[in-house]
Number of protein chains: 2
Amino acid sequence: MMSRWKRLLIGRPMKSTEIEGEKLSKLKALAVLSSDALSSVAYGTEQILIVLMAAGFAAVWYSIPISAAVLGLLLILVLSYRQTIFAYPAGGGAYVVAKDNLGVPSGLLAGGSLLVDYVLTVAVSSSAGTDAITSAFPSLHDHRVMIALVMIVFLTVMNLRGVTESASVLAVPIYLFVIAVFVLIASGVIKYLTGGIHAAVPELGSTVSHISLFLLLKAFSSGCSALTGVEAVSNAIPNFKQPAERNAASTLVMMGTILGVMFIGISLLAYWYGIKPDPENTVVSQIAAATFGRGWLYFIIQGVTALILFLAANTAYSAFPLLAFMLAKDKYMPHAFMARGDRLGFSNGIIFLGIFSALLVVAFHGETENLIPLYAVGVFIPFTLSQLGMMIRWIKLRPRGWVSRFVVNTIGMLTTLGITLIFIVTKFSQVWMVFIFLPLVIGAFYRVQHHYRNTADELRIDPSQDKPVIKGSTIVVPVAGVTKVVLQSIGYAKSLTDNVVAVYVGFDDESIEKMEKKWEEWNPGVRLIVLRSSYRSIIRPVMKFIDTVEWKTADTDHITVLIPQFITKHWWENILHNQHGLLLRTYLMTKKDVVVATVPFHLQR
Amino acid sequence: MMSRWKRLLIGRPMKSTEIEGEKLSKLKALAVLSSDALSSVAYGTEQILIVLMAAGFAAVWYSIPISAAVLGLLLILVLSYRQTIFAYPAGGGAYVVAKDNLGVPSGLLAGGSLLVDYVLTVAVSSSAGTDAITSAFPSLHDHRVMIALVMIVFLTVMNLRGVTESASVLAVPIYLFVIAVFVLIASGVIKYLTGGIHAAVPELGSTVSHISLFLLLKAFSSGCSALTGVEAVSNAIPNFKQPAERNAASTLVMMGTILGVMFIGISLLAYWYGIKPDPENTVVSQIAAATFGRGWLYFIIQGVTALILFLAANTAYSAFPLLAFMLAKDKYMPHAFMARGDRLGFSNGIIFLGIFSALLVVAFHGETENLIPLYAVGVFIPFTLSQLGMMIRWIKLRPRGWVSRFVVNTIGMLTTLGITLIFIVTKFSQVWMVFIFLPLVIGAFYRVQHHYRNTADELRIDPSQDKPVIKGSTIVVPVAGVTKVVLQSIGYAKSLTDNVVAVYVGFDDESIEKMEKKWEEWNPGVRLIVLRSSYRSIIRPVMKFIDTVEWKTADTDHITVLIPQFITKHWWENILHNQHGLLLRTYLMTKKDVVVATVPFHLQR
């Protein structure tokens, strides 16, 4: 039943050898890995304008140089990540690069920020997509949380189905978005050049009285939030078709180019059209309305924008499980993140991401806007560490032409470090949490690794010395009456050893006498020990009795406690049975060194 | 650790023989059982006035005859429940009375409505108490759900501590409330008689143009919601000190008298003062303000009123577990509801009530006002059935003087039936749910009973014929490597039988070869079977292998599968281990007829 549902949702299981077929071509990789980066076009320019408007409309011309600066930063990031791809063809991104060159703590800092960040990405972008939908259909406003959760479930299932299949489904909206924005930019530029726009805009370079360096930096850092998602490609190299690193590098360049053109295009049009940010009407929406009027083209652009904001989450679904896998391989995260599921994806990572982002959406009632700065900091910390790592690497290895590469990474490091600091200074009230939970996450990494190491030490044996020891055996069978279950358990126990003892716990003299009489009458060839419980607990007297048995026989015998378990035909019938058995089992397992054998009794009706 | 916390919260365990000391004296019983009934004084009159205002201020004089009618109904209920107490000294209330005289289906209908009702009581009154608090401190409004939940947790813990202890804590606010309301009524009456009130009020008996019978009935039924909770005493007779039925009867009469005086007092003052219902200012608050001004006496009255609304939930905490116990004794509910906890209360009933009412509060965001009519219907259905049952009983038994008792119950039955119908007709949109979930609850009762009966049939043995059968034994040990855990499991298995086989599941040739070599080197004297899994599943190949073993040996041998389980030192380390073992165990238990023995491995570090 369960398994049929699983098939329907996720598809047939795939053999391990089918993994090569699941690898991504360049075009599919662009679809899977770029949605986060490209979707930022929908809000990047707007973020800059909102900050600048604090100094009045005259200041909006600064959006052009700031956009150019962001574009420059994008170029630096693409160049430096391209270098990383070739240096680390096995993939890795910030975690591997930082760990390799700066040491484990930096690696874990980068990895931890990214992991947290991917969870935030999914929460934020599913909420943003929901906002887009509820703006169009206000009657759905009360169901925002539900819509966001449905989207998260959809993405989780798509990704459990496997990478290529999710690529095939997701490619359509992403390419539609790219085409739509290019059509918009082209039409807008033509309209502007042919004199179709008559907006009064502040001239480039005109002096503005209220502007400050702080404000400009803040605007720049806000614009930089458009660059989140650029690192996705370098994390996901193992998902690419061979030659993986060449394909990854081309994909990165393609993505950077498309992002750059779209970003600067929207910024230019916004300036030429003299657009003011409006909480009720996004910048892209204003541009589209001014270019096409509110006709079907306008609605197509709005629709695919909403869609892409939704799908931005998908980048995290590719990146999170891979990163978790790498951390698990190094024993910083539970082994469970290393298991490939039926469809060859790292199912546990995908499910973990889905659950935690869903919890965030529920906790914030779908209003996750406040998490955006947090999320930007979470990206720029690993950016900086990764660049720094590459710098160290160039200095250490000094391959041919290393100086120019070193310069690229140095510029990148300084810029991303600067942006990180600007974020922390200008938006401390929204990002302080990072200083609490990053240490927590990193602490958890260390504790997990510590535990795995200790366990491995404890489990090691010397194959030539340590051989199985054969002992005697005593079996204890707690019984509640004379029934078929007891009959079966006693039969099983007697088949294994002659040292079998049945235990009965009674609450009053009457029930004890009755049981003793019944047992005598039945006479199964096993001694019955009767315990009296004044406190109505079954567990405590049994535990005490086993203490005694242990004290008497533990040196010579293995002690086994047989616990019958009813296997009901319907799941709900479980709540009608087995509570005492389960409790006893838990107590025995945690407190005692005895084997607990569960004898199933399948109820037929 | 857990157990120390439990001690601190709940107190030391008590012996079964201490139960007599936990029984209630009359005064304590009044405190525990009357909070629901008495608290309705806080809103009963108001409910009547709100309905009457629909016909204009001139209609408010009808509140006096209507209050008198409610008082009459109260008298009938008290008299008839008094008769029930003496007829059923073992306690029972509607479930027992209806089952006994009208048959099982009626009994379950009464019991089911009451159970659902008690959950609603807790949800509604914890929300109402929260409203009272947030009215006083508006800044707490955003935390309403949290406040209600804290209250539910508090009541749950108090009741887990035991009946008398919770009585000692809860008696104070309840008696404070009674004193406060009596002081208010006395002062108000004195003020009125000494001519201190000069309000223009419609004369008694003046004609009102817009009034209709429907409206009057609706007002009457609204007023009747003040009578919910009267049944609590008759349900709880087993909790009373000896002589239980005499004490219960006196408590019921005391409660009825106090409730009646307070209710008619408030209604009279409201009429004399010419008070109009106001959503921002309750009737009691208006009366108190008019009598004392907004001084400290006013605030005391408001404070204890808020407190009593909160504590109204406590009645349900006494009644629900007892009713659930009775249903469980008749096998209509899980046996778990029959177990007395450490402090001699029916802990599972108390916890169940706490959890479900908390879920309701969360689901309705603490706005449970809409549940009030539902809750009133849930009380009047069992009221009616209980009276009808008593009627049948008098006709059947015909004791001396049965006619007058029959008349009392007949009047009671007709009135409560009438009110039930009025509720259903006038507030169908709010009570229709009752027609969906009552059948569901009753269906569940029957299914539970059906299951328990079937199980008992299946488990029965013939002690003279059925004796334990001794067979051979085959033990299967899934292994993941050559470690101390495997050493221990193999040692245990070999101590029990010579038929031991180890199974290893490998995903690729390399790991399989490596394992085979290691095993040979170690040579523990047990054959290793190696399975290859192309789908990376460990469960499926092992299950298939066990199929084969079953097919070969099930006739002659018991088959046991040994699964090692790591017992970690810290609970969180559990997520780092045991997933495969747990999954394999679940599959084996549900699908196969093999014994699963869990060998604990206690990690020391």
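Residues numbered from 1 in each chain as written. Chains lettered and ligands numbered in written order. Predicted model: local features only at pLDDT ≥ 70, side-chain atom pairs only at ≥ 80, totals over all residues. Heavy atoms only, no water.

## Re the relation of the copies chain B and chain A
Phase 1: Rotating chain B by 180° about the axis while translating it 0.1 Å along that axis superimposes it on chain A, leaving an RMSD of 0.1 Å. As the rotation angle and translation indicate, the two copies are arranged about a two-fold axis. For chain B, the minimum C-alpha distance to the rotation axis belongs to A597 of chain B and amounts to 1.9 Å.
Phase 2: Looking at chain B, 100% of its interface residues are interface residues in chain A too, so the copies touch through the same face. (Least-squares fit on C-alpha atoms with pLDDT ≥ 70 in both. Contact = heavy atoms within 4.5 Å.)

## Examining the side chain of S39 of chain A
All names here are of chain A.
Phase 1: Along the chain, S39 turns up in helix α2 (residues 26–39).
Phase 2: According to the relative accessible area criterion, S39 is buried, its value standing at 1%.
Phase 3: In contact with S39, other than residues within four places in its own chain, are I308, L309 and A312. (Helix = DSSP H or I, 4+ residues; strand = E, 2+ residues; numbered from the N terminus. Buried < 20%, exposed > 50% of the residue type's maximum accessible area, 1.4 Å probe, protein only.)

## Concerning the pattern of salt bridges
Phase 1: For the structure shown, the criterion picks out ten salt bridges over all chains.
Phase 2: Of the charged contacts, one joins D330 of chain B and K99 of chain B as a salt bridge, the two residues approaching to 2.6 Å between their closest N and O atoms. In this pair, D330 of chain B sits in the loop between α13 (296–329) and α14 (347–363) while K99 of chain B sits in helix α5 (residues 93–102), placing the two residues 231 residues apart along the sequence.
Phase 3: Residue D330 of chain B is classed as partly exposed on the basis of its relative accessible area of 24%.
Phase 4: On the accessibility criterion, K99 of chain B (23% relative accessible area) is partly exposed.
Phase 5: Through salt bridges with shared partners, a single ionic network connects D547, E550 and K592 of chain A. (Salt bridge = Lys/Arg side-chain N within 4 Å of Asp/Glu carboxyl O.)

## A closer look at the interface of chain B and chain A
Accessible area lost upon the coming together of the parts is a frequently used measure of interface size.
Phase 1: Taken together, the contact pairs 76 residues of chain B with 76 residues of chain A.
Phase 2: In total, about 7000 Å² of surface goes out of reach between chain B and chain A, with carbon and sulfur atoms giving 60% of it.
Phase 3: Applying the counting criterion to the chain B and chain A interface returns zero salt bridges.
Phase 4: On inspection of chain B and its partner chain A, the count reaches 18 residue pairs in polar contact (both at pLDDT 80 or more).
Phase 5: Secondary structure elements with two or more residues in the side of chain B that touches chain A: α18 (434–459), α19 (484–496), α20 (509–522), β4 (557–567), α22 (579–591) and β5 (595–602) of chain B.
Phase 6: Grouping the constituent residues of the side of chain B that touches chain A by class yields 35 nonpolar, 20 polar and 21 charged.
Phase 7: When strand β5 (residues 595–602) of chain A meets β5 of chain B, the two strands line up antiparallel, connected through three bridges. (Buried area = accessible area lost by both parts, 1.4 Å probe. Polar contact = N/O pair within 3.5 Å; in protein donor to acceptor, adjacent residues only side chain to side chain. Nonpolar A, V, L, I, M, F, W, Y, C, P; charged D, E, K, R; others polar. Pairing = 2+ DSSP bridges.)

## Observations regarding a nonpolar patch on the surface
All names here are of chain A.
Phase 1: Together, F428, W432, F435, I436 and L440 line one region of the surface with nonpolar side chains, adding up to about 530 Å² of accessible area.
Phase 2: A per-element tally of the nonpolar patch places helix α19 (residues 434–459) first, with three residues.
Phase 3: Mapped onto the elements of the fold, F428 is located in helix α18 (residues 428–431).
Phase 4: Assessed through its relative accessible area of 43%, F428 is described here as partly exposed. (Patch = residues over 30% accessible without salt bridge, like charges linked within 9 Å, V, L, I, M, F, W, Y side chains within 5 Å. Areas by Shrake-Rupley, 256 points an atom, 1.4 Å probe, with all protein chains shown as cover.)

## Thoughts on the domain arrangement of chain A
Phase 1: When cut into domains, chain A gives domain 1 (35–200 + 219–452) and domain 2 (472–602).
Phase 2: Its C-alpha centre places domain 1 of chain A at a distance of 59 Å from the equivalent point of domain 2 of chain A. (Domains from an automatic or database assignment.)

## Examining the environment of G525 of chain B
Phase 1: Inspection of the secondary structure puts G525 of chain B in the loop between α20 and β3 (527–532).
Phase 2: Separated by 131 residues in sequence, G525 of chain B and W394 of chain B have C-alpha atoms that sit 80 Å apart.

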